[in-house]
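Listed below, chain by chain, are the residues.
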Amino acid sequence: MATKTAAERRDEARLAYDAFLKECPTHQLLACVSDKWVSLIVCALGPGPMRYSDLGRKIPGVSQKMLTQSLRSLERDGIVTRTVTPSVPVRVDYELTGLGSSLGVLLAGVKDWAETHFDQVNEARERYDEETTAA
């Protein structure tokens, strides 16, 4: 039996990824990128870099704790870069990486879909609620 290189083993593992399986690393990645705050942060950074405070204003409702945790997670995953500029006060900018931009295209599509179809979804919810209450 031939010995496989590390690259060959990684390629085989990549083919075996199955996000439906809880123990698969892609399952965890999917959970991360489908998080509401992560989606909104990535969409907000789509047009270009933003300061931390600007992100907080762009996404009302996100707490400082959640914004910080989400940005750290995105930075760790290689989706966002963080640039610190020494000044008083210190300036911190966040920007999508190439990987983040490719994700941003997908998440912007989901965001646009939600904004476009909310009325239809809301009508369906109301119908459902009326039917289940009447039953």
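In the block above lies the structure referred to throughout.
Description of the structure in this document. Treat the numbers as computed from the prediction; the structure is a model and nothing was measured.

**Quick look at the pattern of salt bridges**
Proximity of charged atoms lets side chains of opposite charge pair with each other.
Point 1. Per the stated rule, a full pass over the model turns up four salt bridges.
Point 2. The residue Arg91 makes a salt bridge to Asp93 at a minimum N-O spacing of 2.8 Å.
Point 3. Residue class for Arg91 comes out partly exposed when judged on its relative accessible area of 33%.
Point 4. Take Asp93: its relative accessible area is 13%, and that puts it in the buried class.
Point 5. Each of Lys111, Asp112 and Glu115 takes part in a single network of salt bridges with overlapping partners.

**Let's talk about unusual backbone geometry**
Note: most peptide bonds trans; most residues except glycine with negative phi.
Point 1. In this model, Val88 is joined to Pro89 through a cis peptide bond whose omega is -5°.
Point 2. By secondary structure assignment, the location of Pro89 is in the loop between β2 (80-85) and β3 (91-96).

**Points about the sheet that holds strand β1 (residues 50-51)**
Point 1. Reading across from one edge, β1-β3-β2 is the order of the three strands in this open sheet, with antiparallel pairing throughout. Of all strands in the sheet, those with a lone pairing partner are β1 and β2, marking the two edges.
Point 2. Here β1 pairs with β3 via two bridges, running antiparallel. Counterpart to Arg51 in the pairing with β3 is Asp93.
Point 3. Of the strands in this sheet, β1, β2 and β3 are in contact with helix α3 (residues 36-45), which crosses β3 at around 95°.

**Quick word on the packing of α3 against helix α6 (residues 98-134)**
For any two helices packed against each other, the geometry is given by the interaxial angle and the distance between the axes.
Point 1. The geometry of α3 relative to α6 is characterised by a closest axis approach of 8 Å and an angle of 110° between their N-to-C directions. The angle between α3 and α6 falls in the class roughly perpendicular. Seen from α3, the contacting residues are Ser39, Val42 and Cys43; seen from α6, they are Gly100, Leu103, Gly104, Leu107, Ala108 and Lys111.
Point 2. When its residues are assigned to classes, the contact of α3 with α6 shows five nonpolar, three polar and one charged.

Analysis parameters
- Residues numbered from 1 in each chain as written.
- Predicted model: local features only at pLDDT ≥ 70, side-chain atom pairs only at ≥ 80, totals over all residues.
- Heavy atoms only, no water.
- Salt bridge = Lys/Arg side-chain N within 4 Å of Asp/Glu carboxyl O.
- Buried < 20%, exposed > 50% of the residue type's maximum accessible area, 1.4 Å probe, protein only.
- Helix = DSSP H or I, 4+ residues; strand = E, 2+ residues; numbered from the N terminus.
- Pairing = 2+ DSSP bridges.
- Contact = heavy atoms within 4.5 Å.
- Axes fitted to C-alpha atoms, helices over the stretch in contact; angles between N-to-C directions.
- Parallel < 35°, antiparallel > 145°, perpendicular 65-115°, else oblique.
- Nonpolar A, V, L, I, M, F, W, Y, C, P; charged D, E, K, R; others polar.

The quantities given are spatial measurements derived from coordinates; they are silent on function.
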